[in-house]
Amino acid sequence: MSRSTAGLGMEREVEQAIRRIRKRQEKRMGITRPPCYPDALAAAIEECRSRLGFELPQFYRDFLRLTNGWTVGASSFYYVVDPDSPLEWLRVPEGSLELFCANEACRACGMDPKLFAFGDNEFILYCYDTRTGQFEWREKSGLEKQVARFNREWEFFRRIFEMEGEA
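Everything numeric in this text was worked out from a predicted model, so none of it was measured.

Visitor: Sorry, what's going on with the overall build of the protein here?
Guide: Each helix and strand counted, the protein has five helices and six strands in total. Ordering the α and β elements of the protein from the N terminus gives α-α-α-β-β-α-β-β-β-β-α. Relative to the 2.2 N^0.38 estimate, which gives 15 Å for 167 residues, the radius of gyration of the protein is 15 Å and therefore close to what a compact globule would have. With the C-alpha coordinates aligned to their principal axes, the bounding extent of the protein is approximately 40 × 35 × 30 Å. Looking at the 167 residues of the protein, the share that counts as buried comes to 50%. A separation threshold of at least 6 residues defines the contact pool for the protein, and within that pool the share at least 24 residues apart is 46%. A total accessible area of about 8100 Å² is found for the protein, and carbon and sulfur atoms account for 51% of it. Counting 25 positive and 27 negative side-chain charges, the protein places the centres of these two groups 5 Å from one another.

Visitor: Would you mind showing me how to read the sheet that holds strand S4 (residues 124–129) here?
Guide: Sheet strands line up and pair through hydrogen bonds in the backbone, either parallel or antiparallel. Taking strand neighbours across the sheet as the criterion, the six strands line up as S1-S2-S3-S4-S5-S6 in an open arrangement whose pairing is antiparallel. The open sheet has two edge strands with one neighbour each: strand S1 (70–72) and strand S6 (146–150). Sheet twist, expressed as the mean angle between neighbouring strand axes with direction ignored, is 30°.

Visitor: What is the right way to read the nonpolar core from this model?
Guide: Ranked by internal contacts, the top residues of the largest apolar core, which has 48 residues, are Tyr60, Phe77, Phe116, Phe118 and Phe156. If near-sequence neighbours (up to four positions away) are discounted, Phe156 is found in contact with Phe77, Phe118, Tyr126, Phe135, Glu136, Trp137 and Phe150.

Visitor: Would you mind going over the side chain of Glu164 with me for this structure?
Guide: As for its position among the elements, Glu164 is in the segment after helix H5 (153–163). Notably, Glu164 is buried but unbridged: the nearest opposite-charge side chain belongs to Arg28, and the N-O separation is 9.8 Å. Among the polar contacts made by the side chain of Glu164, one reaches the main-chain amide nitrogen of Ala74 at a distance of 2.9 Å. Apart from residues lying up to four places away in sequence, Glu164 is in contact with Val72, Gly73, Ala74 and Ser75.

Cut-off values and rules
Residues numbered from 1 in each chain as written. Predicted model: local features only at pLDDT ≥ 70, side-chain atom pairs only at ≥ 80, totals over all residues. Heavy atoms only, no water. Helix = DSSP H or I, 4+ residues; strand = E, 2+ residues; numbered from the N terminus. Rg over C-alpha atoms; globule rule 2.2 N^0.38 Å. Buried < 20%, exposed > 50% of the residue type's maximum accessible area, 1.4 Å probe, protein only. Contact = heavy atoms within 4.5 Å. Areas by Shrake-Rupley, 256 points an atom, 1.4 Å probe, with all protein chains shown as cover. Lys, Arg positive; Asp, Glu negative; His and termini not counted. Charge placed at Lys NZ, Arg CZ, Asp CG, Glu CD. Pairing = 2+ DSSP bridges. Axes fitted to C-alpha atoms, helices over the stretch in contact; angles between N-to-C directions. Core = buried A, V, L, I, M, F, W, Y, C linked by side-chain atoms within 4.5 Å. Salt bridge = Lys/Arg side-chain N within 4 Å of Asp/Glu carboxyl O. Polar contact = N/O pair within 3.5 Å; in protein donor to acceptor, adjacent residues only side chain to side chain.

Take a look at the structure:
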């Protein structure tokens with residue numbers, strides 16, 4: 001697995017793809033979500049421990065340093081509340097797209113508490129298994145049903161980008 005040289009711990013291919021796709025999105029739409037500010041990231045790390053009972057996974061910390069949540073095609077990746085964000089709606093919890101609200105809702109519907117939900121599309125929930133370090137797709141209509149499992153971060157994100165026509 002190749003790691004970034006930009007100071008982030010995520011796999012280099014993931015970081016490069018996110019930067020490339022965000023640049024295209026910015027050209028098309030004129031705006032992208034800003035990175036999560038350091039104070040908000042520190043608060044999210046603590047909130048993950050207290051509300052979910054595990055460490056905020058490193059890949060998602062690194063993701064938040066690039067973009068505080070994200071939409072690519074029909075896929076949404078959850079954001080954390082950031083009082084310093086220039087985008088007003090990132091300053092407050094917005095239910096299903098806010099990271100901790102989304103995880104608590106999934107747990108209320110029977111999701112394994114060792115899974116970390118970090119995004120979704122219309123039919124699939126994107127999860128990270130905090131025990132195994134694997135990425136999973138789960139059916140939103142039945143969270144116990146795993147649709148796919150990925151051993152590497154890049155495998156997971158590449159499939160999302162292909163599915164959304166952004167590969």
